[in-house]
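Working through the structure, step by step
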Amino acid sequence: MLNVPVIAIDGPSASGKGTVAQIVAERLGFHYLDSGAIYRLTALAAQNQGVSWSDEQAVAAVAQYLDVVFEGERILLAGEDVSAAIRSEQIGSGASQVAALPAVRAALLARQQAFAQMPGLVGDGRDMASVVFPAAQLKVFLTASAAARAERRYKQLIGRGEVADLAVITADLEARDARDRARSVAPLAQAPDAYLLDTTAMGIDEAVNQVVAWWAKKA
Ligand code: DC
């Protein structure tokens, strides 16, 4: 993985970093790592196996032996398509809980680093720049105001035909951000060498263009 170009994009929930990272990867012909999906898969697998999200060693064992296949847009867990199941708010909350456990993060490290393949990788998450790919050539901290993020998540859920309440979503996002920022291992934070991209008043295209322009300057 030493010479593989890596763009690390970190940021809080519902900032749009996943969408931006995916489009940047397509534009550059790079691979894409959705590291949040790996934590979500761990939470779902633990739940399926009757393992409590607070049982650090047991969840770490689940993480270690996660049977996952990424097939384009489809994600298979033990052979079952769980692409939609891992996107629920309940599993998002579980992901945030298991992600706070150091043994779980350690168990998932090599699995994430293995995504760094030629011709390059765009990884998105919370600790791409700080822990997983500290030597990434480009680091971006992509954020937006809490109100803008809650509104985006609300529209996403309504778009999927789910029942959504803006006040509940806002409270949930704030709780998740607080947990992701306060945890002792790999807390959500802007790396000192990361560019700040505030997308509160910015569309997806503009955000993608900015990341690609930063990359062009580096490459
Ligand atoms: O990006 P997301 O909402 O799919 O992530 C789900 C949870 O996983 C999030 O609350 C924090 C955690 N996570 C993490 O701790 N480190 C990462 N690199 C990615 C996600």
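Each remark here, short or long, concerns the structure printed above.
Figured I'd write up the structure that's included with this text. Quick caveat, the model's predicted, so the values are computed rather than measured.

Some details on the packing of aromatic side chains
Applying the stated criterion across every chain, the model contains three aromatic pairs. For the ring pair Phe-70 and Phe-115, a centre distance of 5.5 Å and an interplane angle of 80° mean the geometry is edge-to-face. Within this pair, whereas Phe-70 is found in strand 3 (residues 68-71), its partner Phe-115 is found in the loop between helix 5 (102-113) and strand 6 (121-125), the two being separated by 45 residues in sequence. Residue classification places Phe-70 among the partly exposed positions, given a relative accessible area of 34%. Plain terms: the ring middles of Tyr-195 and Trp-214 are 4.4 Å apart, the flat faces sit at 20° to each other, and that makes the pair stacked. With Tyr-195 in strand 8 (residues 195-198) and Trp-214 in helix 9 (residues 204-218), this residue pair connects regions lying 19 residues apart in the sequence. By relative accessible area, Tyr-195 is classed as partly exposed at 28%.

Quick look at unusual backbone geometry
Between Met-118 and Pro-119 the backbone carries a cis peptide bond, its omega angle lying at 5°. Among the secondary structure elements, Pro-119 is positioned in the loop between helix 5 and strand 6. Of note, the phi angle at Ala-14 is positive, near 60°, even though the residue is not glycine. Positionally, Ala-14 belongs in the loop between strand 1 (6-10) and helix 1 (17-28). If you check the backbone angles, Ala-78 has positive phi at about 50° while not being a glycine. Along the chain, Ala-78 turns up in the loop between strand 4 (74-77) and strand 5 (80-81).

Brief notes about the pairing of strand 6
Among the five residues of strand 6, five are classified as buried, and the element is accordingly described as predominantly covered. The side-chain alternation of strand 6 yields two buried faces, one formed by Leu-121, Gly-123 and Gly-125 and the other by Val-122 and Asp-124. Where strand 1 lies against strand 6, five bridges are found, and the strand directions are parallel. Counterpart to Asp-10 in the pairing with strand 6 is Gly-125. Across four bridges, strand 2 (residues 31-34) lies against strand 6 in parallel orientation. Directly across from His-31, in strand 6, lies its bridge partner Leu-121.

A look at the environment of Asp-205
Within the secondary structure layout, Asp-205 lies in helix 9. Between the C-alpha atom of Asp-205 and that of Arg-87, which follows or precedes it by 118 residues, the distance is 23 Å.

Quick look at the site of the ligand
Residues in contact with the ligand amount to 17 residues; listed here are only the nearest, Ser-35, Arg-40, Arg-105, Asp-127 and Arg-183. Contact between the ligand and Arg-105: an oxygen atom at 2.8 Å from a side-chain N or O atom of the residue. Protein chains bury 96% of the 450 Å² of accessible surface belonging to the ligand in isolation. Listing elements by their share of the shell around the ligand, those giving two or more residues are helix 2 (35-48), helix 4 (89-98) and helix 8 (166-182). Of the residues forming the shell around the ligand, the biggest block, four residues, is contributed by helix 2. Taken together, the residues of the shell around the ligand sort by class into four nonpolar, five polar and eight charged.

Rules and cut-offs
Residues numbered from 1 in each chain as written. Predicted model: local features only at pLDDT ≥ 70, side-chain atom pairs only at ≥ 80, totals over all residues. Heavy atoms only, no water. Phe/Tyr/Trp six-rings, centres within 6.5 Å; stacked < 30°, edge-to-face > 60°. Helix = DSSP H or I, 4+ residues; strand = E, 2+ residues; numbered from the N terminus. Buried < 20%, exposed > 50% of the residue type's maximum accessible area, 1.4 Å probe, protein only. Pairing = 2+ DSSP bridges. Near = heavy atom within 4 Å. Polar contact = N/O pair within 3.5 Å; in protein donor to acceptor, adjacent residues only side chain to side chain. Areas by Shrake-Rupley, 256 points an atom, 1.4 Å probe, with all protein chains shown as cover. Nonpolar A, V, L, I, M, F, W, Y, C, P; charged D, E, K, R; others polar.

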